[in-house]
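Residues per chain, in single letters:
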Amino acid sequence: MKPLAILIMLTLSATAAEQTVQYSVRGLFQPDRKDALIKAATALENCRLIEVNYDLARATFAYDDEAQGFKKAKPEQILQQIDNQVRNATNHTFTLQQPRALADDKLKRIEFTIEGLDCLGCSYGAYSTVVAIEGVERATASFHDGRLIAFIDPAKTSREAVAEVLKKKDIKIVETTDKQEPKPKN
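Just so it is clear, the model here is predicted, and its values are computed rather than measured.

**What about the environment of Leu 79?**
1) Next: Residue position: Leu 79 is located in helix α3 (residues 75-89).
2) Next: For Leu 79, the residues in contact, after removing those within four places along its chain, are Tyr 23, Leu 96, Gln 97 and Gln 98.

Here it is as structure tokens:
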């Protein structure tokens, strides 16, 4: 091969660079859902899952900015491309969003013990109800311990507002007093 051809090939391969992006993930409502996302990500094309942070409900993806679907794409198009692939690979049980603007230390953690939260479907129902509320940045719902935890923007919603939405959906909250903490189910 001629030196000029080699130089052109090296230049072309140097321009294709792997980029990384981080998105908020909806659907990480229990720790085992992290494994489901990782498994489904093996089907992604022209991008790959690098890391999943369950505690912050975030995932980091890498993509080749010269690959089909990503070449000359704007940031919102990259999100849409990766989100569509994740949705398809997971039967729409996970979705991606731009990371929230509010810093984690500005979020308020609220917790509820839920009566009858005893299966994966019930957990997902409670979770999906709560994450649909404006001001709820992320949430978890575990049938293992019967608890729902939400991280909220206190300027947009409150514990009382979240409790009201849960009650309207017939999700029963176990009321506790300060002296009596609910015991987790085993």
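**Section: unusual backbone geometry**
Note: most residues except glycine have negative phi, and most peptide bonds are trans.
1) Next: Unusually for a residue other than glycine, Asn 46 sits at a positive phi of about 65°.
2) Next: Assignment of secondary structure puts Asn 46 in the loop between α2 (32-40) and β2 (47-53).
3) Next: For Asn 46, a relative accessible area of 39% corresponds to the partly exposed category.

**Focus: the side chain of Asp 65**
1) Next: Mapped onto the secondary structure, Asp 65 falls in the loop between β3 (58-64) and α3.
2) Next: Despite being buried, Asp 65 has no salt bridge partner; Lys 71 is the closest side chain of opposite charge, sitting 9.0 Å away.
3) Next: There is a polar contact of 3.2 Å between the side chain of Asp 65 and the backbone nitrogen of Ala 17.
4) Next: A polar atom in the side chain of Asp 65 sits 3.5 Å from the side chain of Gln 19.

**Some words on the sheet that holds β3**
1) Next: The strand order across the open sheet built from four strands is β2-β3-β1-β4, with neighbouring strands paired in antiparallel fashion. The open sheet is flanked by β2 and β4 (95-97), the only strands paired with a single partner. With strand direction ignored, the average angle separating the axes of adjacent strands in the sheet is 40°.
2) Next: Sheet analysis places β2 next to β3, joined by six bridges and oriented antiparallel. Bridge pairing in β3 links Val 52 to Ala 59.
3) Next: Of the strands in this sheet, β1 (18-26), β2, β3 and β4 touch α3, which is tilted by about 165° from β4.

Calculation rules
- Residues numbered from 1 in each chain as written.
- Predicted model: local features only at pLDDT ≥ 70, side-chain atom pairs only at ≥ 80, totals over all residues.
- Heavy atoms only, no water.
- Helix = DSSP H or I, 4+ residues; strand = E, 2+ residues; numbered from the N terminus.
- Contact = heavy atoms within 4.5 Å.
- Buried < 20%, exposed > 50% of the residue type's maximum accessible area, 1.4 Å probe, protein only.
- Lys, Arg positive; Asp, Glu negative; His and termini not counted.
- Salt bridge = Lys/Arg side-chain N within 4 Å of Asp/Glu carboxyl O.
- Polar contact = N/O pair within 3.5 Å; in protein donor to acceptor, adjacent residues only side chain to side chain.
- Pairing = 2+ DSSP bridges.
- Axes fitted to C-alpha atoms, helices over the stretch in contact; angles between N-to-C directions.

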